[in-house]
Amino acid sequence: ESEVEGIRRAIQVCRDTRAPTHFCHVSTRGGLELIADAKAEGLPVTCETCPHYWRLNNDQFGKLRGRSKMNPALRSQFEMSWVEELISQGVVDVIATDHAPHEPEKKAKEDYDQCPSGVPGVQTLALMVYELKARGRISAQRFIDLTSGNAARIFGLNKGALSAGKDADIILIDQNGATCFEDAKMQSKCGWTPFHGALVNGSIAAVVLGGKVVKELNGAPS
């Protein structure tokens, strides 16, 4: 209720001022539908969500314990399914990570209230979104828009397209590959992922940063 009411109030401010408004970490059907209505009204609103809001739900608390703590909190299976549906319908503009690489011991405290909020997400984001493309939920262009193109447009970044003058920060994906996320393979300092054990379509073949290949996997050509 607090998320939906907060979005409702912010949209009214946007309506009164016409100030561009971007909503971060939207995690509910109600919130996304308000944003969809505001867009249909012609208001300058955009939004993002994170992979954990369409891949995880609060039923997994027993398994993840403190690792499931984040803000906004994980929602129900019902809300989770609707977040994916509204991504596929084009309501969501950007997929973000909300990357918070808390060390395992901090997330494993007996007192849940003492566990810091947030999960790591940078390494897993591209393939979590690509999984939607592989399952036919989004198009290839929509994959690009969600992971880079729209963020570049909204925030004025020199990225998001393969064209002259743009920053050459690129991820190459092997469409025939598959990836199983494992804690031991995470490069983040925290060394874990809330998606441990998840199998997704596609695999990262290479990472290009500033025009230079900084990581090659699976024998990808340079």
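Before reading on, note that the structure itself is shown above.
Residues numbered from 1 in each chain as written. Predicted model: local features only at pLDDT ≥ 70, side-chain atom pairs only at ≥ 80, totals over all residues. Heavy atoms only, no water.

1. Structural notes on the side chain of Thr49
One can find Thr49 in strand 2 (residues 45–49). Relative accessible area serves as the criterion here: at 0%, Thr49 is assigned to the buried category. Separated by 2.7 Å, the side chain of Thr49 and the backbone oxygen of Val26 make a polar contact. (Helix = DSSP H or I, 4+ residues; strand = E, 2+ residues; numbered from the N terminus. Buried < 20%, exposed > 50% of the residue type's maximum accessible area, 1.4 Å probe, protein only. Polar contact = N/O pair within 3.5 Å; in protein donor to acceptor, adjacent residues only side chain to side chain.)

2. Points about the packing of aromatic side chains
Summed over all chains, the structure comprises two aromatic pairs. Between Phe61 and Tyr112 the ring centres are 5.5 Å apart and the planes differ by 80°, which places this aromatic pair in the edge-to-face class. Of this pair, Phe61 sits in helix 4 (residues 61–64) while Tyr112 sits in the loop between helix 6 (104–107) and helix 7 (122–134), and the two are 51 residues apart along the sequence. Phe61 gets classed as partly exposed once you look at its relative accessible area, which sits at 32%. Where Tyr130 meets Phe143, the ring centres are 5.7 Å apart and the plane angle is 85°; that geometry is what we call edge-to-face. Residue Tyr130 is located in helix 7, and its partner Phe143 is located in helix 8 (residues 140–155); the two are separated by 13 residues in the primary sequence. Among the residues examined, Tyr130 registers a relative accessible area of 6% and is labelled buried. In this arrangement the basic side chain of Arg29 is found over the ring face of Trp82, its NZ or CZ atom lying 3.7 Å from the centre. Positioned above the aromatic ring of Tyr112 is the side chain of Lys69, whose terminal nitrogen or guanidinium carbon lies 5.3 Å from the ring centre. (Phe/Tyr/Trp six-rings, centres within 6.5 Å; stacked < 30°, edge-to-face > 60°. Lys NZ or Arg CZ within 6 Å of the ring centre and 35° of its normal.)

3. Brief notes about the sheet that holds strand 4 (residues 170–180)
Ordered in space as 4-5-6, the three strands form an open sheet in which the pairing is antiparallel. Only two strands of the sheet have a single neighbouring strand rather than two, namely strand 4 and strand 6 (212–216). Sheet twist, expressed as the average angle between the axes of neighbouring strands with direction ignored, equals 30°. Sheet topology places strand 4 next to strand 5 (residues 199–209); eight bridges connect them, and they run antiparallel. Each bridged residue has a counterpart across the sheet, and for Thr179 the counterpart in strand 5 is Val200. Against the sheet, helix 7 contacts strand 4 and strand 5, and its axis sits at roughly 130° relative to strand 5. (Pairing = 2+ DSSP bridges. Axes fitted to C-alpha atoms, helices over the stretch in contact; angles between N-to-C directions. Contact = heavy atoms within 4.5 Å.)

4. A closer look at the sheet that holds strand 1 (residues 21–23)
In spatial order, the strands read 1-2-3; together these three strands make up an open sheet with parallel pairing. Only two strands of the sheet have a single neighbouring strand rather than two, namely strand 1 and strand 3 (94–95).

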